[in-house]
Amino acid sequence: MIKHGYENINIDNPLEGKLEKLIDYFVEFYGEENRKLIEERIHNTQFAFIDHSVELGIDDIKKHFKSLLSKATSKEDREYLESEEKRLTELYYSTPVKRANKMYNRKIEDMVSQYIASKMGISAEDKIEKLKKVTTSFVQLISTPREEISQGEWDFYTVMLGYFSDLAGEVGDKEISKEGEKKIRSLLGEDSKKLAKEVAKIEDMKFDEILNDKKYQDLFQGLLDSDVIGIQSNISFIKNFMLVENQVGGGQFTSVSPKQPRKPVSLCMNSGTMDMADSSFVHEVNHIVSADSRYVDGYYETRCGFNSLYSIIREDGRVLDLTSGASWDRFESLNEIVNDYLSNKIYRRMAEDGFRIGFVNERASIYSSVFPVVEMLFEEHLDELKKTFITGKNVFAEKIGEKNFNQLADAVSELLKFCADYDKFQRAYKIIQKKQKDGNYFDIFDLAYDESIEWNDSLVEKYLDSVRKIDEINCDIDDYLDTGDYFDENDIE
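Everything quoted here is computed from the prediction, not taken from an experiment.

**A short note on the overall build of the protein chain**
The number of helices and strands found in the protein chain is 21 helices and 10 strands. For 493 residues, the compact-globule formula gives about 23 Å, and the C-alpha radius of gyration of the protein chain, at 26 Å, lands near that figure. Here the protein chain holds 493 residues, and the buried ones make up 47% of them. Of the contacts formed within the protein chain by residues at least 6 apart in sequence, a portion of 68% connects residues at least 24 apart.

Following this line, the structure appears as structure tokens:
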């Protein structure tokens, strides 16, 4: 009989019978000499598979079965696949988070759409139904301080408000009327703050409903009871991970208990099995493999890849005050990009062998959008990157020069901010890809320096500015490797 490939995945515990094989893939990548360290770090990890309110995996499941059904040659195979697709789809929507989300989101949709309709003077039922499609975005707008809203997000919200005015008939010749502007001001006035509070109450009710499930009761109670330094901070992360629609990645946390100050323990937070992409899972596990922590005489230290945090901890009962080091934010983007680059190599080996953990094989990450610009540098210094992540000693920075390392961290951070605005990045990158293909350029750096091209596109120019900046850093690194010193243009006579 035909198999659909999900048969050997335990939905409640996808790592069942697979943990040692997973460790083998990391050992293969980082070297047998690091086996004991890798085993300790992964064995001392609590893996949490957390359901999302967002339906991440159902489309992948449907496409998978559609492909298999198109190839099925017997009635028996088709009936089995159809039955399994139905069973798994029902199971997908029966999780505590998705059940609670369906129930309470209807209340939020009704309340928010009626609020918008009353403020904008919209009475037609079909138009009120249309408002329900954007209630989540409107709640995000009224719940977020203006200074925390990016320009890209604000542009979207402006279009959304224009949509409300259009439904209200307050748009003529593509301009919102003065009456429409007055309604929008009322829409975003003091009453919107009251609405945001009411929505927050319903979200809390939703969360309480989810906590009725024993799986999540045990998870949260375990975090509350733990004496591992700082671990309670993950409670709000997990809540957002469950309920906030744009919180779809994973998370990792490594720390120690004062009772066992030299034995790091980790928490690896992932999507539920039917939503989880193996590429994302390996990304989080690689963070754990590259993380370490210790607590000695009130001095707390933790690191993850390039990132490090040093703290003096003042203990008052169970209240802990952490004062972090400044390096974490500066190197965060570079750390994530390198981690994704390394973990992607481990994931590829797993995929070659058909070894899978979640229902989704791969999901593109924002960090991979930077790969075309840094791949050559990373490949040249792959050994140093691997050693840095596994040992905690930044041999990569030592090799390329600390000044160059810091400049690289700043440059990729700026590029990643651009790539984070996905729609703008995709539009710009497609233009660049087409030009690179049509012009038969050697690489993206070759294209970036072609002054004969008139792009007439500020987004493309902004992206290529970052490309040229990183290329200049690559040249500085080459000079440093050749001379052992940094290039200074003032030395040129």
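That was the structure; now back to the text.
**What to know about the packing of aromatic side chains**
For the coordinates displayed, the defined rule picks out 25 aromatic pairs. Centre to centre, the rings of Phe207 and Phe220 are 5.4 Å apart; their planes meet at 90°, and the pair counts as edge-to-face. Placement of the pair is Phe207 in helix H10 (residues 190-210) and Phe220 in helix H11 (residues 214-225), with a sequence separation of 13 residues. Comparing Phe207 with Phe220 shows no difference in burial state: the two are buried. Measuring from ring centre to ring centre gives 5.4 Å for Phe425 and Tyr429, while their planes differ by 20°; the resulting arrangement is stacked.

**Describing the sheet that holds strand S5 (residues 260-271)**
Sheet architecture is open: 3 strands sit in the order S1-S5-S4, paired in mixed fashion. Only two strands of the sheet have a single partner each, and these edge strands are strand S1 (45-50) and strand S4 (251-257). Direction aside, the axes of adjacent strands within the sheet are offset by 20° on average.

**Details of the packing of helix H5 (residues 96-120) against H10**
At their nearest, the axes of H5 and H10 sit 9 Å apart, and the two run at 165° to each other. Compared by their axis directions, H5 and H10 come out roughly antiparallel. Handedness of the crossing formed by H5 with H10: right-handed. Across the contact of H5 with H10, the residue classes tally to 14 nonpolar, 3 polar and 7 charged.

**A few points about the pattern of salt bridges**
The tally for this structure, following the rule as stated, stands at 27 salt bridges. A salt bridge links Glu84 to Arg87; the shortest N-O distance between them is 2.8 Å. Pair noted here: Glu84 and Arg87 are both in helix H4 (residues 75-92), with a separation of 3 residues, about one helical turn. Its relative accessible area of 11% is what places Glu84 among the buried residues. Judged by relative accessible area, Arg87 falls into the partly exposed class, the value being 42%. By sharing partners, the salt bridges in this structure join Asp24, Glu32, Arg35 and Glu39 into a single network.

**Structural notes on the nonpolar core**
Membership of the largest hydrophobic core comes to 72 residues, with the highest contact counts inside it found for Phe26, Tyr30, Phe281 and Tyr463. In this view, Phe26 contacts Ile38, Ile42, Val282, Val285, Asn286, Val289 and Ile346; residues no more than four positions away in its chain are not counted. Formed by 48 residues, the second largest nonpolar core is a distinct cluster that contains Ile50, Phe138, Ile184 and Leu219.

**Focus on the environment of Arg146**
By the secondary structure assignment, Arg146 is in the loop between helix H7 (135-143) and helix H8 (151-167). According to the relative accessible area criterion, Arg146 is partly exposed, its value standing at 39%. C-alpha separation for the pair Arg146 and Ile453, spaced 307 residues apart in sequence, amounts to 38 Å.

**Quick look at a negative patch on the surface**
On the surface, Glu380, Asp478, Asp479 and Asp482 cluster together into a negatively charged patch. At 3 residues, the largest contribution of residues to the negative patch is made by helix H21 (residues 458-483). By the secondary structure assignment, Asp479 is in helix H21. Relative accessible area serves as the criterion here: at 31%, Asp479 is assigned to the partly exposed category.

**Concerning the side chain of Thr254**
Relative to the assigned elements, Thr254 resides in strand S4. Of the residues examined, Thr254 reaches a relative accessible area of 7% and is grouped as buried. A polar contact of 2.7 Å, which involves the side chain of Thr254, links it to the side chain of Ser266. The contacts of Thr254, once residues within four sequence positions are left out, are Pro264, Val265, Ser266, Ala291, Asp292, Ser293, Tyr300 and Thr302.

**Some details on the confidence of the model for the protein chain**
Residues at a pLDDT of 70 or more form 93% of the protein chain, whose mean pLDDT is 88. Per-residue pLDDT stays below 50 along residues 316-321; that stretch engages in 13 contacts with residues further than four places along the chain or on separate chains.

**A look at helix H2 (residues 35-43)**
Every buried residue of H2 is listed here: Ile38, Arg41 and Ile42. Projected onto a plane normal to the axis of H2, the buried residues spread over an arc of 95° and lie on a single side. Contacts from the buried residues of H2 go to helix H1 (19-30), S1, helix H13 (278-289), strand S6 (291-296), strand S7 (299-304) and helix H16 (382-391).

**With respect to the pairing of S5**
Of the pairings in the sheet, the one linking S1 to S5 comprises 6 bridges and is parallel in character. In the strand pairing of S5, Ile50 is matched with Ser271. Here S4 pairs with S5 via 6 bridges, running antiparallel. Counted as the bridge partner of Gln252 is Cys268 from S5. Connecting S4 to the antiparallel partner S5 that follows it, the hairpin turn spans 2 residues.

Parameters at a glance
Residues numbered from 1 in each chain as written. Predicted model: local features only at pLDDT ≥ 70, side-chain atom pairs only at ≥ 80, totals over all residues. Heavy atoms only, no water. Helix = DSSP H or I, 4+ residues; strand = E, 2+ residues; numbered from the N terminus. Rg over C-alpha atoms; globule rule 2.2 N^0.38 Å. Buried < 20%, exposed > 50% of the residue type's maximum accessible area, 1.4 Å probe, protein only. Contact = heavy atoms within 4.5 Å. Phe/Tyr/Trp six-rings, centres within 6.5 Å; stacked < 30°, edge-to-face > 60°. Pairing = 2+ DSSP bridges. Axes fitted to C-alpha atoms, helices over the stretch in contact; angles between N-to-C directions. Parallel < 35°, antiparallel > 145°, perpendicular 65-115°, else oblique. Left-handed = near helix turned anticlockwise from the far one by under 90°. Nonpolar A, V, L, I, M, F, W, Y, C, P; charged D, E, K, R; others polar. Salt bridge = Lys/Arg side-chain N within 4 Å of Asp/Glu carboxyl O. Core = buried A, V, L, I, M, F, W, Y, C linked by side-chain atoms within 4.5 Å. Patch = residues over 30% accessible without salt bridge, like charges linked within 9 Å, V, L, I, M, F, W, Y side chains within 5 Å. Areas by Shrake-Rupley, 256 points an atom, 1.4 Å probe, with all protein chains shown as cover. Lys, Arg positive; Asp, Glu negative; His and termini not counted. Charge placed at Lys NZ, Arg CZ, Asp CG, Glu CD. Polar contact = N/O pair within 3.5 Å; in protein donor to acceptor, adjacent residues only side chain to side chain. pLDDT = per-residue confidence, 0-100. Arc of directions from axis to C-beta.

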